[in-house]
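Residues per chain are reported as follows:
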Amino acid sequence: MEKIQNYINGQLIEPVSKKYLDNYEPATGQVYSLVPDSDSSDIQLAVEAAKTAFPLWSKTGLEDRMMILLKIADGIERRLEEFVAAESRDNGKPLKLARAMDIPRAISNFRFYASAVQHFSSESHPMPGGTVNYTLRQPIGVVGCISPWNLPLYLFTWKIAPALATGNCVIAKPSEITPYTAYLLSTVCIEAGLPAGVLNIVHGLGGKTGQAIIEHPEIKAISFTGGTETGKRIAATAAPMFKKLSLELGGKNATVVFADCDFEEAVKESVRSSFSNQGEICLCGSRIFVERGIYEKFKTAFVEKVKALKVGDPNEQSTDQGAIVSLQHKQKVLSYIQLAKEEGGEVLSGGIELQLKDRCTGGYFIAPTVIEGLDYKCRTQQEEIFGPVVTLTPFETEDEALTMANSVKYGLASSIWTNNLKQAHRVSEKIEAGIVWVNCWLLRDLRTPFGGVKASGVGREGGWEAMKFFTEAKNVCIKA
Ligand code: NAD
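Worth saying up front: this structure is predicted, and the values here are computed from it rather than measured. (Residues numbered from 1 in each chain as written. Predicted model: local features only at pLDDT ≥ 70, side-chain atom pairs only at ≥ 80, totals over all residues. Heavy atoms only, no water.)

(A) Region of the structure containing the overall build of the protein. Looking only at helices and strands, the protein has 15 helices and 25 strands in total. Scaling as 2.2 N^0.38, a compact globule of 480 residues should have a C-alpha radius of gyration of about 23 Å, and the protein matches this with 23 Å. Across the 480 residues of the protein, 59% fall into the buried class. For the protein, restricting intrachain contacts to residue pairs at least 6 apart in sequence, the fraction spanning at least 24 positions comes to 74%. By element, 54% of the accessible surface of the protein is carried by carbon and sulfur atoms, the whole surface being about 18,800 Å². Computing the positive centroid from 52 side-chain charges and the negative centroid from 55, the protein places the two 4 Å apart. (Helix = DSSP H or I, 4+ residues; strand = E, 2+ residues; numbered from the N terminus. Rg over C-alpha atoms; globule rule 2.2 N^0.38 Å. Buried < 20%, exposed > 50% of the residue type's maximum accessible area, 1.4 Å probe, protein only. Contact = heavy atoms within 4.5 Å. Areas by Shrake-Rupley, 256 points an atom, 1.4 Å probe, with all protein chains shown as cover. Lys, Arg positive; Asp, Glu negative; His and termini not counted. Charge placed at Lys NZ, Arg CZ, Asp CG, Glu CD.)

See below:
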């Protein structure tokens, strides 16, 4: 069985303990590789390597850093199909989605930050009498990047690229459930000539390897994406150590459809925003609120399209929805479908586990599920499910739609469908979310700030925000 290796000090090495965990393919339910079960001794090795590499890397010219990041991007692109296959096999997502979204976006992350750091500037404030204050932005040192399983390489590189571009050395941990593309990235970094110790990728469990990163006194900043409960634990450990923290956490996003919207487009995109990547994108809409006047028409058209989605082997071109990421997660999603029924919900489509044939006999599949008739305050409509389950609820007025949309503890993303410009501005202002899409979903310019409000997190990623996060601002005041 193939053994994934840690990438520490420029080398691919075994975990110190020599212990490994099983890595499952969700589409088949079979173990296909082994992941290092790393612990604090592996993190210690990585921190030592990163500390040694930092003085040179932080002083390496911007253009040289840019060239290496571009080489990494080119290296992924050259091996595109290998990355695509690994991302789909690890996560269960359709191969065509990994090819269209995940891997191209990981390449863009490196290219974007290779370029962005060349244009990153800081402020200067002249005072009367000729004194000047200027802001010196310096890399932090050794930083930690921890990412989840849903968009494995996409989110991993979204953190690593700005951290490296701004001159930091990185200890990164991918999810133990989807480690393979991070492993392939290690091999690309070696091919690209990234100096030893600049990036260290250590695999393992959250509570062990991840916790060792959080607790390490010499890792000065943590960029984390994952669940809200994990975020709380991380903050509880890291905040008293005065580490810089960026936490991108869970969501329960609202899609609000007004009667005057472009109906066909709203239906089509709402299906996509609900079920892309099996509903396992933090930005997926999981609560759809529809204005009463078009509720029945919307429901009929929406359910018809959902029933036409093909759940199948991720490797097949015709598959729209692949496997749920793990057995444990499949059980969690099914338990919420059961809860929805107990709470009085009516299942309009799906609601069941699917048994596929041949290669996928042992895989984890759930039919895309639409539920109506639930009070907006019930648990199904309040808690994050993070799977192919969406609720439909009618509303009478804009105020009612906002009350329901804002009733959850989360505030990551939202979509609004309307042709009324004033309403679009008004609702965008009042909706409690870090991202508002009007008449679209998942469109994003990488220069914009990304992140949530309330229990969806603190801090912002993307563009300048990430480069600000990974640097310390020092005010230098020079008297004339
Ligand atoms: P998770 O919180 O279980 O794990 C995320 C990562 O943290 C993994 O690498 C895990 O090993 C690690 N981890 C777990 N416990 C840790 C600890 N004590 N210390 C340090 N690291 C630890 O989340 P998940 O199940 O992998 O991902 C799903 C969650 O991620 C969902 O809640 C989803 O909404 C969220 N998410 C948020 C965003 C966003 O941008 N806001 C994006 C994607 C996913």
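Okay, back to it.
(B) Highlighting the sheet that holds strand β25 (residues 471–478). Strands sit in the order β6-β7-β25 across an open sheet of 3 strands; the sheet is antiparallel. Single-partner strands in this sheet number two, and they are β6 (124–126) and β25. Taken over all neighbouring pairs, the strand axes of this sheet differ in orientation by 20° on average, direction set aside. In this structure, strand β7 (residues 132–139) lies alongside β25, joined through 8 bridges in antiparallel fashion. (Pairing = 2+ DSSP bridges. Axes fitted to C-alpha atoms, helices over the stretch in contact; angles between N-to-C directions.)

(C) Just the packing of helix α3 (residues 80–91) against helix α5 (residues 152–165), in detail. Between α3 and α5, whose axes approach to 9 Å, the crossing angle comes to 110°. By the angle between their directions, the pair α3 and α5 is classed as roughly perpendicular. Contacts from Phe 83, Glu 87 and Asn 91 in α3 reach Pro 152, Leu 153 and Tyr 154 in α5. Looking at the contact of α3 with α5 residue by residue, the class counts come to 4 nonpolar, 1 polar and 1 charged. (Parallel < 35°, antiparallel > 145°, perpendicular 65-115°, else oblique. Nonpolar A, V, L, I, M, F, W, Y, C, P; charged D, E, K, R; others polar.)

(D) Molecular detail of the nonpolar core. Among the nonpolar cores identified, the biggest contains 97 residues, and Ile 72, Ile 171, Leu 185, Leu 199 and Leu 283 are the most heavily contacted of them. No other element matches the 13 residues that helix α4 (residues 95–119) contributes to this core. Excluding its chain neighbours within four sequence positions, the residues that come into contact with Leu 185 are Ile 72, Ile 76, Phe 83, Phe 110, Leu 153, Phe 156, Thr 157, Ile 160 and Ile 201. Listed in part, the 20 residues of the second largest apolar core include Ala 266, Val 267, Tyr 295 and Leu 348. (Core = buried A, V, L, I, M, F, W, Y, C linked by side-chain atoms within 4.5 Å.)

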